[in-house]
Each structure stands twice: as structure tokens, then as C-alpha cells.
Amino acid sequence: MLLLKKTMNSMRKIAIAIHVGAGPDKEFIRQHVVEYENGLRAALQEAYSILKRDGSALNAAEAAVKSLEDNPLFNAGRGAALNHSGEVEMDAAMMCGTRLKAGAVALLRQVRNPISLARNIMEHTNHVLVAGQNAIEFARSMEMVLEPDAYFITEHQVDEYLIARKKETPADLLMKPKAGTVGAVALDVGGGLAAATSTGGTVNCLPGRIGDSALIGCGCYADNRTCAAAATGDGEWLMTRAIAHSLSSLMEHTDQSLKEASEYLIHTKNKDVKGDLGIISVNTKGEIAVSFNSKIMPHGWINSDGDWHVQVY
Ligand code: ASP
């Protein structure tokens, strides 16, 4: 009876965690702390209300990321960073920890919510990653909302682009300033995990550059047996270190808690990395971990007890 009760309790756990990018402290963020907090709160609230009604982790993670994509403060969807040509090219990915299925998009324009297109690719095709114009055509065939290019471009991102263009050196073509990428991880009442990531990438990057946020195992990974993880920071490092899958592997092959594994991953295993790394994660016990080596990684979570946490600084 006790065992049954314990199992039922662990099955009833729900959790949601989100981030809006690991990176440097910025004047823009300092000027918009309240708006950042409100944006985090709104996304958390949306996702949590889905989980509370026994909705799926996938629906919750998608809803959180959609809310952040629609918010022009963050570098995803509306408010995406501009590449070297002054254009928006977005990446996004979703993974289901129950089915180990994933969907992702890269070099995307016009689609209002890249995360929902990633979800559609996961649910309605046999593929994982679709890029460019053909991804837009697929979105059109799914009757998704498209927007003109101008919808995505904000004054803040134009400023960031102009500053980056002024400071440009050849080395910059690899490592670009970035901030505001978004991610979510969720646990539903049935013990299902999901992870989701979405970004406009790095400011002034080479057109055609694809980052970790579109790559399963790098920016995004979910497996009910280990954890769901969403990473952020300098994509070129996150990709070569396969950060999100590394956390899953640590959970599979060591006795570390989620918190210990995520701290070890960022601060010990990858301490030689000369760039920003951040990761949020959740497991089926409802444990949430947040680790980053950057100055800041605005983030928030709500756990099973309904406890809230929202942190910009
Ligand atoms: N990882 C993202 C990218 O490199 C940027 C970020 O997380 O802020 O595209």
C-alpha cells in the first residue's frame, strides 16, 4: 500500500522550467528587468496551467516557448537576432522524452512560432530537421500563421546588429554576441518529459549558420529515463560538447543528482570552454536544475508544490 502511494505520488509530480538565454549582463536587460520578469511569469503561468489540467509536457513546453517567441524582448520569434545580411534566420527544436521523437527547424523565416513548426515536424513527418524555404512551405501546408519579415525585426535587435557590425573583426565571424534565446523543459502528471528550444541565433553571424538550438542532443534533449534539458549560450561550444545529451548521459551513467550532474557538466567537465554555457533541466521526480557559467541566465520555474521562482539577476 505504501509503495503504491509512493508510486502514485511520484506520478502526480509536475514541473516547468524556462530560460531566456545565458549571456553577458546588458544595459538593455537592466532597463527591462520588470518586463523580463513579467515575460518569464506569463510563459510559466501558461505552461503550468496546462500541466495542472493534466495536459502533456509537450503542450506545456510548446506553450511556454510560444509565449516567449511572441514577446519581442527575447531573441526568438519576434525579436530574433539579425545575421550578417541584416536578416532573421531562426532555429527551434522539440523533443518528447516518452517516445524519444524529435522535430526541429533551421534557417527559418516568416513562421510566427518556429517551435510549433518543430512540433509539427515531429508529429506529422518521418524527419527530425527541416531547414529553409522548404520548412516554410511545410508550415504553409499545415496552415500555420506566417508573418512578413518585418514582423520579426525589433529596434533593439537592429541596435545590436549595428553595434556588432561596427566592432567586427574576422574572429567575430565565429563567436557573436547573443542573448535572449529561449528554452523550456516540462514534466507532466503522467511522468512524461519534454524539452523545447527556440532562437534567432547569434547577432551578425554568417547567413546560413545553424546553432545548437536546432540540434537534438546539443541545445535540446529529453528522455523520461534520465531528464529533459534545454541549453543556451555560445552555440558553437554547445554543439561540439553535445551539452544536452551529455547531461542525459551523466544521469544514466552516474549516481549524481540532477543538480550535481548539471553543475559538474557546466563547471567541471566543460570548464575549458571559452564561452557562455547554460542549461535547465527536469526529471520525472520533479527535480529542477539550473546551471550556467555566464554572468546571467534569466530563468524561472514552478515545481509540483506550486512554488515559483523567477530570476533575472
Ligand atoms: N545557443 C544559441 C545559438 O548559438 C544562442 C543562445 O543561446 O543565446 O544560436
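Above this text you will find the structure in question.
Residues numbered from 1 in each chain as written. Predicted model: local features only at pLDDT ≥ 70, side-chain atom pairs only at ≥ 80, totals over all residues. Heavy atoms only, no water.

## As for helix α6 (residues 132–141)
Every buried residue of α6 is accounted for by Gly132, Ala135, Ile136, Phe138 and Ala139. Along the axis of α6, the buried residues cluster in a sector spanning 160°; they form a single face. Facing away from the buried side of α6 by more than 90 degrees, the exposed set consists of Asn134 and Ser141. Tucked inside the fold, the buried residues of α6 contact β3 (101–108), α5 (114–124) and β4 (129–131). Glu143 sits one or two residues past α6 and shows a positive phi near 60°. (Buried < 20%, exposed > 50% of the residue type's maximum accessible area, 1.4 Å probe, protein only. Helix = DSSP H or I, 4+ residues; strand = E, 2+ residues; numbered from the N terminus. Arc of directions from axis to C-beta. Contact = heavy atoms within 4.5 Å.)

## Here we look at the sheet that holds strand β11 (residues 299–302)
Read from one edge of the open sheet, eight strands run β4-β3-β2-β6-β5-β1-β11-β12, paired in mixed fashion. Strands at the two margins of the open sheet, each flanked by one partner only, are β4 and β12 (308–311). With direction set aside, neighbouring strand axes in the sheet form an average angle of 5°. Bridge count for strand β1 (residues 15–19) against β11 is four bridges, and the pairing is antiparallel. What sits directly across from Ile16, in β11, is Ile302. Along the sheet face, α5 touches β2 (90–96), β3, β4 and β6 (193–199) and points at about 135° away from the line of β3. Sheet contacts for α6: β3 and β4; angle to β4, the most-contacted strand, approximately 105°. (Pairing = 2+ DSSP bridges. Axes fitted to C-alpha atoms, helices over the stretch in contact; angles between N-to-C directions.)

## Things to note about the packing of aromatic side chains
This structure, assessed with the given rule, holds two aromatic pairs. Judged by centre distance (5.0 Å) and plane angle (85°), the ring pair of Tyr36 and Phe74 falls under edge-to-face. In this pair, Tyr36 sits in helix α3 (residues 33–52) while Phe74 sits in the loop between α4 (57–70) and β2, placing the two residues 38 residues apart along the sequence. Given a relative accessible area of 0%, Phe74 falls into the buried group. (Phe/Tyr/Trp six-rings, centres within 6.5 Å; stacked < 30°, edge-to-face > 60°.)

## Remarks on the pattern of salt bridges
Between side chains of opposite charge, a pair can form when the charged atoms approach closely. Applying the stated criterion to the full structure yields 15 salt bridges. Between Asp25 and Arg30 there is a salt bridge, with its nearest N and O atoms 2.6 Å apart. A residue is classified by how much of its surface remains accessible, and Asp25, at 28% relative accessible area, is partly exposed. Linking Arg112 and Glu147 is a salt bridge whose minimum nitrogen-to-oxygen distance equals 2.7 Å. With Arg112 in the loop between β3 and α5 and Glu147 in the loop between α6 and α7 (149–152), this residue pair connects regions lying 35 residues apart in the sequence. The class of Arg112 is partly exposed, set by a relative accessible area of 27%. The network of salt bridges with shared partners includes Glu62, Arg99, Arg119 and Glu123. (Salt bridge = Lys/Arg side-chain N within 4 Å of Asp/Glu carboxyl O.)

## A look at the environment of Ala17
By the secondary structure assignment, Ala17 is in strand β1. A relative accessible area of 0% means that Ala17 is categorised as buried. It is 9.9 Å that separates the C-alpha atoms of Ala17 and Trp308, two residues lying 291 residues apart in sequence. When residues no more than four places from it in sequence are discounted, the contact partners of Ala17 are Gly183, Ala184, Val185, Ile280, Ile288, Gly300 and Trp301.

## Some words on the sheet that holds strand β10 (residues 288–292)
Taken together, four strands build an open sheet; the order of strands is β7-β8-β9-β10 and the sheet is antiparallel. What marks the edges here is a single partner per strand, and that holds for β7 (220–223) and β10. For this sheet the average axis-to-axis angle between neighbouring strands, irrespective of direction, equals 10°. The sheet contact formed by strand β8 (residues 227–233) and strand β9 (residues 277–282) spans six bridges and is antiparallel. Paired with Ala231 across the two strands is Ile279, which belongs to β9. Sheet strands in contact with helix α10 (residues 243–253) are β7, β8 and β9, and its direction is about 145° off that of β8. Against the sheet, helix α11 (residues 258–269) makes contact with β8, β9 and β10, and its axis sits at roughly 15° relative to β10, the strand it touches most.

## Examining the nonpolar core
In terms of nonpolar packing, the biggest core is built from 60 residues, with Ile16, Ile18, Tyr36, Leu108 and Leu117 touching the most fellow members. Setting aside anything within four residues of it in sequence, one finds Leu108 in contact with Val88, Glu89, Met90, Pro114, Leu117, Gly132, Ala135 and Ile136. Counting residues in each nonpolar core, the second largest holds 38 residues, with Met95, Cys227, Ala244 and Leu277 among its members. (Core = buried A, V, L, I, M, F, W, Y, C linked by side-chain atoms within 4.5 Å.)

## Looking at the site of the ligand
Close contacts around the ligand come from twelve residues, with Thr181, Arg209, Asp212, Thr232 and Gly233 the closest. Within the side chain of Arg209, one N or O atom sits 2.7 Å away from an oxygen atom of the ligand. Between the ligand and Asp212 there is a distance of 2.6 Å, counted from a nitrogen atom to a side-chain nitrogen or oxygen. Contact with the protein chains covers 100% of the free accessible surface of the ligand, which is 270 Å². Every element with two or more residues in the shell around the ligand is listed here: β8 and α9 (235–240). Of the residues that constitute the shell around the ligand, the class distribution is one nonpolar, eight polar and three charged. (Near = heavy atom within 4 Å. Polar contact = N/O pair within 3.5 Å; in protein donor to acceptor, adjacent residues only side chain to side chain. Areas by Shrake-Rupley, 256 points an atom, 1.4 Å probe, with all protein chains shown as cover. Nonpolar A, V, L, I, M, F, W, Y, C, P; charged D, E, K, R; others polar.)

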